[in-house]
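Residue-level structural notes
So you can see what is in the structure, the chains are spelled out below.
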Amino acid sequence: PNPPILQSSIPRPSRLITLRTKGRGDFANQTWLIDSRGVDDYQLIAHGPDISMESWSRDEAILAPLRDSPTPMTARQIADVTGIHEKTVSNHMTGLVRAGKAVVVGKTGKAPLYVLN
């Protein structure tokens, strides 16, 4: 007979959990996005008063090519990879730079070159 499988080597799918808090204090009126792969496996993805699943997903889609690229990228290059319009990428990158998630490390022509912070 085959021995019982105690732990599967197949990766479990991720589940995104959204918690919205109300009231007073530091935790009040916040949204918390949490990634869970199991009962005892949680990771805080983002939190804040203006966080939404849609905004987080768009930011992640735009930042993903920067994670995979060994060199800085322009908004046009990110747009080519993601399929998101270049102007939209450029606008989001401005916000991501302000939020400290990305930095401008130079320019190619007039286009800023971005990397993850």
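In this text the structure is predicted, and so the values were computed from the model without any measurement.

1. Looking at the confidence of the model for the protein chain
With 87% of its residues at a pLDDT of 70 or more, the protein chain has an overall mean of 82. Every residue in residues 5-10 scores below 50 in pLDDT, and together they form zero contacts with partners more than four places removed in sequence or on other chains.

2. Focus: the environment of Ser 36
Among the structural elements, Ser 36 can be located in strand E2 (residues 31-38). For the pair Ser 36 and Arg 15, spaced 21 residues apart in the sequence, the C-alpha separation amounts to 5.1 Å. For Ser 36, the side chain forms a polar contact with the main-chain oxygen of Gly 38, separated by 3.1 Å. Reaching out from Ser 36, the side chain makes a polar contact with the backbone oxygen of Asp 41 at a distance of 3.5 Å.

3. Considering the pattern of salt bridges
On inspection of all chains with the given rule, the structure shows two salt bridges. With a shortest N-O distance of 3.2 Å, Arg 76 and Glu 86 are connected by a salt bridge. Of this pair, Arg 76 sits in helix H2 (residues 75-82) while Glu 86 sits in helix H3 (residues 86-98), placing them 10 residues apart in sequence. Owing to a relative accessible area of 31%, Glu 86 belongs among the partly exposed residues under this scheme.

4. Description of H3
Along its 13 residues, H3 runs 18 Å from first to last C-alpha, staying within 8% of the 18 Å computed at 1.5 Å per residue. Every buried residue belonging to H3 is among Val 89, Met 93 and Leu 96, and all of these are buried. When H3 is viewed along its axis, its buried side chains cluster within an angular range of 65° and face the same direction. Looking at H3, the residues exposed on the side facing more than 90 degrees away from the buried face are Lys 87 and Arg 98. Gly 100 sits one or two residues past H3 and shows a positive phi near 85°.

Criteria and thresholds
- Residues numbered from 1 in each chain as written.
- Predicted model: local features only at pLDDT ≥ 70, side-chain atom pairs only at ≥ 80, totals over all residues.
- Heavy atoms only, no water.
- pLDDT = per-residue confidence, 0-100.
- Contact = heavy atoms within 4.5 Å.
- Helix = DSSP H or I, 4+ residues; strand = E, 2+ residues; numbered from the N terminus.
- Polar contact = N/O pair within 3.5 Å; in protein donor to acceptor, adjacent residues only side chain to side chain.
- Salt bridge = Lys/Arg side-chain N within 4 Å of Asp/Glu carboxyl O.
- Buried < 20%, exposed > 50% of the residue type's maximum accessible area, 1.4 Å probe, protein only.
- Expected span 1.5 Å × (residues − 1).
- Arc of directions from axis to C-beta.

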